[in-house]
Amino acid sequence: MAADPAPLKPAASALPAGRPSDRRGAVGDDVIAALIVTVLLVPQSLAYALLAGLPPVVGVMASLLPILAYAAFGSSSTLAVGPVAVLSMMTAQAVLPAAQTLGVEPHLAAMVLAIEIAVVFIVAAALRLDVFAALLSAPVLHGFITGAAVVIAIGQLPQLLGIALKGQTLSELLAAAAAAPELLPHAPTAAIGLTALALLWLIRSRGGPIIRRIGFSARAAQLATRIAPMLVVVLAIGWIALAPAANTGVALAGTIDLLQGLHFTPFWQAPPAVWQAMAGPALLLGLVGYVESLAVAEALAARRGERIAPRRELVGLAAANAAAGISGGMPVTGGFARSIVNFDAGARTRMAGVWTVLFLAIAVFLLGDALRFLPKAVLAATIIIAVLSLVDLHPFTQAWRYSRAEFGLMLAVAALTVLVGVEAALSLGVIGAVALLLQRTARPHWAEVGRLRGTEVFRNVKRHKVDTLPNVLAIRIDQSLLFTNSRWLADTLIAAPVERPGLEHVVLMMSGVNDIDLSGLEALMQLCRDLKVQGVSLHMSELKGPVEDKLLAADLRSWLSGHVFRTQHDADTALRSLAAQTEDFVI
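Residues numbered from 1 in each chain as written. Predicted model: local features only at pLDDT ≥ 70, side-chain atom pairs only at ≥ 80, totals over all residues. Heavy atoms only, no water.

**Examining the overall build of the protein**
Secondary structure assignment for the protein yields 26 helices and 9 strands. Principal axes of the C-alpha set define a box for the protein whose edges measure 105 × 65 × 55 Å. Expressed as a percentage of the 587 residues in the protein, the buried residues total 50%. Put simply, 81% of the contacts in the protein that link residues at least 6 apart link residues at least 24 apart. Counting only carbon and sulfur atoms, one obtains 64% of the accessible surface of the protein, whose full area is about 26800 Å². (Helix = DSSP H or I, 4+ residues; strand = E, 2+ residues; numbered from the N terminus. Buried < 20%, exposed > 50% of the residue type's maximum accessible area, 1.4 Å probe, protein only. Contact = heavy atoms within 4.5 Å. Areas by Shrake-Rupley, 256 points an atom, 1.4 Å probe, with all protein chains shown as cover.)

**Structural notes on the packing of aromatic side chains**
One pass over the full model with this rule turns up 5 aromatic pairs. Considering the side-chain rings of phenylalanine 267 and tryptophan 275, the 6.1 Å spacing of their centres and the 70° angle between planes classify their relative orientation as edge-to-face. Phenylalanine 267 sits in the buried class, given a relative accessible area of 16%. Geometrically, the ring pair formed by tryptophan 355 and phenylalanine 359 is stacked, given 6.0 Å between the ring centres and 25° between the ring planes. (Phe/Tyr/Trp six-rings, centres within 6.5 Å; stacked < 30°, edge-to-face > 60°.)

**Concerning the environment of methionine 540**
Here methionine 540 is to be found in strand 8 (residues 537–541). Judged by its relative accessible area of 0%, methionine 540 falls in the buried class. Taking the C-alpha atoms as reference points, methionine 540 and glutamine 568, separated by 28 residues in sequence, lie 8.5 Å from one another. Dropping the residues within four chain positions of it, methionine 540 is found in contact with Leu508, Met510, Leu524, Leu551, Leu556, Trp559, Leu560, His563, Val564 and Phe565.

**A word on the confidence of the model for the protein**
Overall, the predicted model of the protein reaches an average pLDDT of 84, with 93% of residues at or above 70. Least confident of the elements in the protein is helix 12 (residues 258–261), whose mean pLDDT is 66; most confident is helix 5 (residues 106–126), at 95. Scored below 50 in pLDDT, residues 1–18 shows 37 contacts in the model against residues more than four places distant or in partner chains. In this model, residues 583–587 is a region of pLDDT below 50 whose contacts with residues beyond four sequence positions or in other chains number 6 contacts. (pLDDT = per-residue confidence, 0-100.)

**Describing the side chain of asparagine 460**
By the element assignment, asparagine 460 lies in strand 4 (residues 458–460). Classification of asparagine 460 by relative accessible area gives buried; the value is 10%. Reaching out from asparagine 460, the side chain makes a polar contact with the backbone nitrogen of lysine 462 at a distance of 2.9 Å. Excluding residues that lie within four positions of it along the chain, asparagine 460 makes contacts with Ala447, Glu448, Val449 and Arg476. (Polar contact = N/O pair within 3.5 Å; in protein donor to acceptor, adjacent residues only side chain to side chain.)

**Section: the pairing of strand 6 (residues 472–477)**
When you tally the buried positions in strand 6, you get 6 out of 6 residues, the bulk of the element. Covered by surrounding structure in strand 6 are Val472, Ala474 and Arg476 together with Leu473, Ile475 and Ile477, the residues of both alternating faces. As judged from the 3 bridges shared by strand 3 (residues 446–452) and strand 6, these two strands associate in the antiparallel manner. Following the sheet pairing, alanine 447 is matched in strand 6 by arginine 476. Note: strand 6 against strand 7 (residues 505–509), 5 bridges, orientation parallel. Bridging across to strand 7, arginine 476 finds its partner in methionine 509. (Pairing = 2+ DSSP bridges.)

**With respect to the pattern of salt bridges**
One pass over the structure, following the stated rule, counts 8 salt bridges. A salt bridge links arginine 451 to aspartate 572; the nearest nitrogen and oxygen atoms lie 2.5 Å apart. Here arginine 451, found in strand 3, pairs with aspartate 572, found in helix 26 (residues 568–580); they are 121 residues apart in sequence, far enough to count as distant. Among the ionic pairs, arginine 453 bridges to aspartate 467, the shortest N-O distance being 2.7 Å. Remark: aspartate 467 occurs in strand 5 (residues 466–467) and arginine 453 occurs in the loop between strand 3 and strand 4; sequence separation between them is 14 residues. A relative accessible area of 17% places aspartate 467 in the buried class. Each of Arg451, Asp572 and Arg576 takes part in one network of salt bridges that share partners. (Salt bridge = Lys/Arg side-chain N within 4 Å of Asp/Glu carboxyl O.)

**As for the side chain of asparagine 321**
Relative to the elements of secondary structure, asparagine 321 occurs in helix 14 (residues 310–326). For asparagine 321, a relative accessible area of 0% gives the class buried. Sequence-distant contacts of asparagine 321, defined by excluding residues within four places in its chain, comprise Ala114, Ile115, Ile117, Ala118, Phe121, Pro331 and Val332.

**Overview of a nonpolar patch on the surface**
On the surface, Val131, Phe132, Leu135, Val434 and Leu438 cluster together into a nonpolar patch covering about 380 Å² of accessible area. Checked against the element boundaries, valine 434 lands in helix 20 (residues 422–442). (Patch = residues over 30% accessible without salt bridge, like charges linked within 9 Å, V, L, I, M, F, W, Y side chains within 5 Å.)

**Concerning helix 5**
Helix length check: helix 5 (21 residues) gives 30 Å between terminal C-alpha atoms against 30 Å at 1.5 Å per residue, within 8%. Burial runs high along helix 5: 15 of the 21 residues are buried. Among the residues trailing helix 5, arginine 128 stands out with phi positive, at a value near 55°. (Expected span 1.5 Å × (residues − 1).)

**Quick look at the nonpolar core**
Across soluble globular proteins, you tend to see nonpolar side chains buried next to one another. In terms of nonpolar packing, the biggest core is built from 115 residues, with Met90, Phe144, Leu374 and Leu426 touching the most fellow members. Tallying contributions element by element places helix 13 (residues 272–304) first for this core, with 14 residues. Not counting residues up to four positions away in its chain, the partners in contact with leucine 426 are Met90, Leu136, Val140, Phe144, Leu284 and Val288. (Core = buried A, V, L, I, M, F, W, Y, C linked by side-chain atoms within 4.5 Å.)

**Some details on unusual backbone geometry**
A positive phi angle, close to 55°, is found at glutamate 542, a residue other than glycine. Following the sequence through the fold, glutamate 542 ends up in the loop between strand 8 and helix 24 (545–553). The phi angle at aspartate 555 is positive, at roughly 60°, despite the residue not being glycine. As for its position among the elements, aspartate 555 is in the loop between helix 24 and helix 25 (556–559). The exposure class of aspartate 555 is partly exposed, given its relative accessible area of 46%.

**Re helix 18 (residues 394–402)**
Count 3.6 residues to each turn of an α-helix, and residues three or four apart come out pointing the same way. Every buried residue belonging to helix 18 is among Pro395, Phe396 and Ala399, and all of these are buried. Down the axis of helix 18, the sector holding all buried residues measures 100°, keeping them to one side. Turning to helix 18, the residues buried within the fold contact helix 6 (138–155) and helix 19 (404–419). (Arc of directions from axis to C-beta.)

Next comes the structure, spelled out in structure tokens:
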């Protein structure tokens, strides 16, 4: 992923240039989009805070100032930052054990984690390290997201059913269930949770077609189904408020008071041990958060023909997480669901995020007291429905058909995420991806080539009917020559004169070689010496400019026993002419 060369500075304006009527239209579209996103954001911010093991108000705080910070520094016009499911789960796995061990509030550890993630992003932007996002290869990312979605859904079952079980992974939940087999679901809680789950699923899966049959447009139907969780929240609040006696023992979210949310221990009062404990998780959460956010931002930008600046995204996410840590929030990143809703609702600029903050603050201020009637089981149902949409088995089937090794890596990452935890899964994923890369580069693809009759084109002798010379071995190398595969040169080519009596020339067709490191250079020089001892000359053709420059700087002319040809056609023509001068020449 190429780093963005543009200088780092806040966006001069979040509004598009143009005529006043265009700007007024953009403002109107942004306001409408913000209203729709706010309806989605109220239950989501509460639910993801609970998923992270934090008070619900923390989710609200993470959805206010971080949005403003991203609007000032980010590059996407439609990305909606805030708490997201995967990052919330990772936050819980990082802060809860550390808080218990160190004797601090999980909220304080979460703020420290957000600040450290901001530092990670700033350092990455300054050093142009956005390329490290490639460490989460497609198999690792698909496996992790699928596994995380499954473990999040399973982890919400105790809260959905009213069972007092604690655990962050399937193994921990099973161990807790085995240790307390007498625990049973709380009937009123289970009834509310399962009803909410069924309603959310029906609205998401069947609501769109029903709304379209009534006469609404496809876009209106889509937006209505995406804001359905707020309807379920309202119904649940009404049920608890009207029938308190029938819901005794149901766990409730509690009053959400923004003013009370401002009373917290500031992050700078955290003990040094907390900062040290959060350093490792900050790197993992930063990597996952950046990859997820950038993927969403680029996907939406492509649909509008816009451009995302990867390096400025790092700065925008750094500002958002710093704002979250300062204001009493939790780690944030670009959210898939909110961003899609923001995009589909017609957001034109980053000002939509500013309007969202205003509407969310008003909504929580007006409805905060009513949220004391909101069952946590409904928030659990909201999370389950949201994360199950992330489960996509298509990449697994595609990987099975395309690359069994990458399928195995994807499956292993998903299983470890579910059974063991995030750190083990991502560590294995990165190590496995690097191992597969080394395995591929250690034995690069190569082919003996010959001329397609009547053309100047050279192709694999095993795939095409081609003309070759008996005293020439032409090898096309399809990968850079690096320390990982330099030994391959000797292993593959040094025995060629023995296997092919009469061999006089070896031509390395270098069209697929983009780089040669020092190990590759030394391997080439050694191969040239070994072949020369056996009476065989080494030639090269189709060297790329940068590669040729490096070889010439290494005094190529002094050690290469043969010639450097501009094209393989030139090499073939010259060697045919030379062979034609000998009496035993045969084509």
